[in-house]
Amino acid sequence: MDEMEEELKCPVCGSFFREPIILPCSHNICLACARNILVQTPDAESPQSSRASGSDYDYLDLDKMSLYSEADSGYGSYGGFVSAPTTPCQKSPNGVRVFPPSVPHPPQAQHHLLPHTGVLPPVPRNSCLTCPQCHRSLTLDDRGLRGFPKNRVLEGVVDRYQQSKAAALKCQLCEKSPREATVMCEQCDVFYCDPCRLRCHPLRGPLAKHRLVPPAQGRISRRASPRKISTCTEHELENLSMYCVQCKTPVCYQCLEDGKHSTHEVKALGAMWKLHKGQLSQALNVLSDRATEAKEFLVQLRNMVQHIQENGVEFEACLVAQCDALIEALNRRKAQLLSRVTKEHEHKLSVVRDQISHCTVKLRQTTGLMEYCLEVIKENDPSGFLQISDALIRRVHMTENQWGKGSLTPRMSSDFDLTLDSGPLLQTIHQLDFVQMKVPAAPILQLEECCTQTNSATLSWKQPPLSNIAVDGYILELDDGNGGQFREVYVGTEMICTVDGLHFNSAYKSRVKAYNSSGVGQYSKTLVMQTSEVSPPSYGSKTLAEVAWFTFDPASAHPDIILSNDNLTVTCNSYDDRVVMGNTGFSRGVHYWEMTIDRYDNHPDPAFGIARADVMKDVMLGKDDKAWAMYVDNNRSWFMHNNSHTNRTDGGISKGATVGVLLDFTRGILLFLINDEQQGPVAFNTLEGMYYPAISLNRNVQVTLHSGLPIPDFYTPGESEAAGSVC
């Protein structure tokens, strides 16, 4: 609660608010203080566009009324008097500079209240009031200070706060030296200490039904009174019953009938009260999270102070030991080096302590605002709450934004990235200096940029923000997706890498480290990346292939290849055969895909099958030892691997035909289909490793790919002779 106290003090007098009023700029001020800082202006200089009762005012005119002092950072009120004497500014107890009235008030105005009446005296005509916080000025209308709404919510919070700080209540029945009261009886309206309660108020008989409460609660219930019905500042006999959405203020029935709000959108007061309370609560939740982060950040900064001190002492001791081990010629240099270390030490401490101080002040302000807002939410006065809710919500958002990105990041590292090199010869002692000889720090994986797609994984990393150690390159390591040993998959200077050809439905552990001429640094945190799950589901009696959708890969295709239809349709601009592969590799499971012949001219020999990543792209598929394929014309087909042709089979293709490829890693076989019928026996077996779907064709052929299909009905994975003999 102590942090909230600044929220409850007037910016002029520095004391707790007494009869606070709300200015159009949403700031608060005591009613008496408002009268004290009024400035009377001539009729000709009155900004007619600025009225006390309005929610909007002309800032251009207000700028004419407010002048900022370059000498003292205060402000003055310009009244238009050519020969007006200079009035020195004063500073209120809370640090806000204010000016006393430039025009003397009548004698009775100096006492705030008229004698024997208890009311404020009339405000002089053409009075101007300047907000002591934002320096915006406005001219009062005929109602004077009565044109400003009273902040009853703030007044209630101040009253509760003062009650909580008041002295302990005393027993009312002790005859000598009253002891501190421990309970209050709500029916008897008496405060008791424990001995007096046992003697005068036993818990039996009729007194057993009396309700005893703690003294503080009893004091509040004593002072509690029914909620005052808010009245309109424009029509004092009317109660506030609605809320003007455009003006953002409670209004009465008469305002809607004949006032300036008659054409505005209005809503029920209770509904808007609940809505704004909800908005303030939501904003407080976000701010509360920021405050929690700030507290944790302060702990981190305080720990950094200790680490800096420990590292500084350790570094100095090491430096002294090295310098003392050198000959006398090093002693002249030793003092300079120690001075540099001490200066670096003090610089780091200064930066971190300054950040601690700054963050502590911000956290105190944030906590105070939070406690004040929580007390405001407890108020049950809808109109009073709505008068200040918008301003509080804006303040909460502004305060939350102050804890934005970068404010909770240390400005200084606690490490001393300097090492004394004692290797140079004696004649080079005069050039002795600090050099960086540390290995790089562990890189930080950027989780927001790391992702997997089908069986590929992309990882991104960066150096720690406070590290200034040179890095020559990075080493990325992955395991085998099954908890095995890590292996290097990338070495280079880039800080992003995509690894293709991983197993489906596998969890790969990845880590990265940096290196330079001094050695290899520590590993980053280990990141687990899950590739696409493609376990074969069942549909009735039919078993589906691995659901792995893919397209043709333009990056690895021969330059003569032409792709369209989102890389699903392929042809070629050359009469020679050219190879294109799929963008996904397979190493386990059962996979089936088909290709539809869209165009087939002059009886060419397209080849369909699978290939390694380094297959030759400018010859027919199957000509080298990196591809396993079936090439087919309009009458017959052959299987081909490493330029070996086998298993000639009758039956060819034409426009509209469909060629299917089935790859079964559970048996290590590959077979082909034409128009849903198996073409020849099992084409190849003992297949292991990583394979990519592939096709070779020339300009006389165009095909369209269909991936992720169910396997044919006749084929059952795992049966030795389900698809014919093995060649």
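Predicted model only: the values in this text are computed from it and were never measured.

Caption draft 1: Structural detail: unusual backbone geometry. One non-glycine residue, Asn642, lies in the positive phi region at around 55 degrees. Inspection of the secondary structure assignment puts Asn642 in the loop between strand E35 (636-641) and strand E36 (644-650). The backbone of Thr686 sits at a positive phi, close to 55 degrees, despite the residue not being glycine. Following the sequence through the fold, Thr686 ends up in the loop between strand E39 (677-678) and strand E40 (692-697). Owing to a relative accessible area of 67%, Thr686 belongs among the exposed residues under this scheme.

Caption draft 2: Highlighting the nonpolar core. Ile29, Leu280 and Tyr372 are the most contacted members of the largest nonpolar core, which has 71 residues in total. Among the secondary structure elements, those contributing two or more residues to this core are strand E1 (20-22), strand E2 (28-30), helix H1 (31-36), helix H3 (152-165), helix H7 (269-325), helix H8 (331-378) and helix H9 (382-402). Here this core takes 18 residues from H7, the largest share from any one element. Per-domain counts for this core show at least three residues from each of domain 1 (1-40 + 123-166) and domain 4 (275-403). Setting aside residues up to four positions removed in sequence, Ile29 forms contacts with Cys10, Val12, Phe17, Glu19, Pro20, Ile21, Leu23, Ala34, Ile37 and Pro132.

Caption draft 3: Representation of the sheet that holds E36 within the structure. One open sheet accounts for six strands, arranged E31-E40-E33-E34-E35-E36; its pairing is antiparallel. Across the chains shown, the open sheet's two edge strands, defined by having one partner strand only, are strand E31 (578-581) and E36. The sheet shows a mean angle of 20 degrees between the axes of neighbouring strands, direction not considered. When strand E33 (residues 607-611) meets E40, the two strands line up antiparallel, connected through five bridges. For Ile610, the partnering residue across the bridge sits in E40 and is Pro693.

Caption draft 4: Spotlight on the layout of surface pockets. Of the voids in this model, the second largest pocket is the one considered here, and its volume is about 950 Å³. Lining of the second largest pocket is provided by 29 residues; of these, Glu7, His27, Gln133, Leu369 and Arg395 occupy positions nearest its centre. Put simply, the parts of the chain that give the lining of the second largest pocket at least two residues each are H8 and H9. Among the elements that line the lining of the second largest pocket, the one with the most residues is H9, at eight residues. Of the residues in the lining of the second largest pocket, the class split is 12 nonpolar, nine polar and eight charged. Taken domain by domain, the makeup of the lining of the second largest pocket includes at least three residues from each of domain 1 (1-40 + 123-166) and domain 4 (275-403).

Caption draft 5: Quick look at the pairing of strand E41 (residues 701-706). In terms of strand pairing, strand E30 (residues 569-572) meets E41 through two bridges, oriented antiparallel. Bridge pairing in E41 links Val570 to Val703. Here strand E32 (residues 590-600) pairs with E41 via six bridges, running antiparallel. Its bridge partner lying in E41, Thr596 is registered against Thr704.

Caption draft 6: Quick peek at the confidence of the model for the chain. When pLDDT is averaged across the chain, the result is 79; 79% of the residues are at 70 or more. Confidence over residues 535-545 falls short of pLDDT 50; this stretch has 19 contacts with residues more than four positions distant or in other chains. With pLDDT under 50 throughout, residues 719-727 is counted as low confidence; its partners more than four residues away or in other chains account for 23 contacts.

Caption draft 7: Summary view of the sheet that holds E32. Taken in spatial order, the seven strands line up as E29-E30-E41-E32-E37-E38-E39 in an open sheet, and their pairing is antiparallel. If you trace the sheet from one side to the other, it starts and ends with strand E29 (561-564) and E39, each paired once. Across seven bridges, the pairing between E32 and strand E37 (residues 658-664) is antiparallel. Note that in E37 the partner of Val590 across the bridge is Asp664.

Caption draft 8: The arrangement of the side chain of Asp479 in detail. Within the fold, Asp479 resides in the loop between strand E21 (473-478) and strand E22 (487-492). Lys509 provides the closest opposite charge to the buried, salt-bridge-free Asp479, at an N-O distance of 5.4 Å. Of the polar contacts made by the side chain of Asp479, one reaches the backbone nitrogen of Lys509; its length is 3.0 Å. Setting aside its immediate chain neighbours within four residues, Asp479 contacts Gly484, Gln485, Phe486, Arg487, Ala507, Tyr508 and Lys509.

Caption draft 9: A look at the pattern of salt bridges. Applying the stated criterion to the full structure yields 16 salt bridges. A salt bridge links Asp354 to Arg411; the nearest nitrogen and oxygen atoms lie 3.5 Å apart. Residue Asp354 is found in helix H8, and its partner Arg411 is found in the loop between H9 and strand E16 (419-420); the two are separated by 57 residues along the sequence. For Asp354, a relative accessible area of 45% translates into the label partly exposed. Here Glu477 makes a salt bridge to Lys513, at a shortest N to O gap of 3.8 Å. Here Lys513 lies in strand E24 (residues 507-516) and Glu477 lies in strand E21, a separation of 36 residues in the sequence. Residues joined by salt bridges that share partners form a network here, namely Arg290, Glu293 and Glu400.

Analysis parameters
- Residues numbered from 1 in each chain as written.
- Predicted model: local features only at pLDDT ≥ 70, side-chain atom pairs only at ≥ 80, totals over all residues.
- Heavy atoms only, no water.
- Helix = DSSP H or I, 4+ residues; strand = E, 2+ residues; numbered from the N terminus.
- Buried < 20%, exposed > 50% of the residue type's maximum accessible area, 1.4 Å probe, protein only.
- Core = buried A, V, L, I, M, F, W, Y, C linked by side-chain atoms within 4.5 Å.
- Domains from an automatic or database assignment.
- Contact = heavy atoms within 4.5 Å.
- Pairing = 2+ DSSP bridges.
- Axes fitted to C-alpha atoms, helices over the stretch in contact; angles between N-to-C directions.
- 1 Å grid on protein atoms, 1.4 Å probe; cavity = no way out; pocket = protein on both sides within 12 Å on 5 of 7 lines; lining within 4 Å.
- Points joined across faces, edges and corners; volume = space filled by probe spheres on them.
- Nonpolar A, V, L, I, M, F, W, Y, C, P; charged D, E, K, R; others polar.
- pLDDT = per-residue confidence, 0-100.
- Lys, Arg positive; Asp, Glu negative; His and termini not counted.
- Salt bridge = Lys/Arg side-chain N within 4 Å of Asp/Glu carboxyl O.
- Polar contact = N/O pair within 3.5 Å; in protein donor to acceptor, adjacent residues only side chain to side chain.

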